[in-house]
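Chain residues, written in single-letter form:
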Amino acid sequence: AQNGSRPENMVSDAVNHAFETEDMDFAASQIETHTLTLIKRGEIGITRKWLESLPDETIRSRPVLSIAQAWTSAKFKTLDIAEDLLAQAEATLAMDYALDEGVDRSAQQFLSNQISVLQVIISRVRGDTTAKQREIVQKALDSDQLANDTAARATLYFRLGLCYLDLGKHDQAEQIFSQAIELG
């Protein structure tokens, strides 16, 4: 059944048709193209449903799908799975970079930034000490890779502000939150 002509409905129709015809490669390609946008819009349910329909080896062989699965795993507090998927995505990205397999460098940078943000979120959800959380955030913020990713930097500054609140350092937290707000 058609969901209408809106682009997001066309993607959903294409993915559902691919699953119905057992064309997992096409389904994976479509999910890979659209999943991070869906996650940004808060549509984790559909992303999770699609990812659950793909073979695990397909997800693990594609960094975008690994990161998307890590987002859904973190959301539903299956942190060991999320961390394992992030490690797999990092390894695949590093191998693709080393082999120079035509990977779009800006896309690779975006994915690396997503990994950094997820590592910080997982640390907090897991209940790591504030010092450990702050260390992870600071390491990500100190890297050059975030220079052009204001959304990732804003998220990391927000997480750093939470660390300062946890420590009772309200003035520092306010300054950090202001930085996050300025970034958007």
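Residues numbered from 1 in each chain as written. Predicted model: local features only at pLDDT ≥ 70, side-chain atom pairs only at ≥ 80, totals over all residues. Heavy atoms only, no water.

Caption draft 1: Expanded view of the overall build of the protein. Broken down by element type, the protein carries 10 helices and 0 strands. Moving toward the C terminus, one meets the helices and strands of the protein in the order α-α-α-α-α-α-α-α-α-α. In summary, the protein has a C-alpha radius of gyration of 18 Å against a globular reference of 16 Å for 184 residues, a match within 12%. Each principal axis of the C-alpha distribution contributes one length, and for the protein these read about 55 × 40 × 30 Å. Looking at the 184 residues of the protein, the share that counts as buried comes to 42%. Here the analysis covers contacts within the protein between residues at least 6 apart in sequence; of these, 55% occur between residues at least 24 apart. Carbon and sulfur atoms form 49% of the exposed surface of the protein, whose accessible area is close to 10200 Å². (Helix = DSSP H or I, 4+ residues; strand = E, 2+ residues; numbered from the N terminus. Rg over C-alpha atoms; globule rule 2.2 N^0.38 Å. Buried < 20%, exposed > 50% of the residue type's maximum accessible area, 1.4 Å probe, protein only. Contact = heavy atoms within 4.5 Å. Areas by Shrake-Rupley, 256 points an atom, 1.4 Å probe, with all protein chains shown as cover.)

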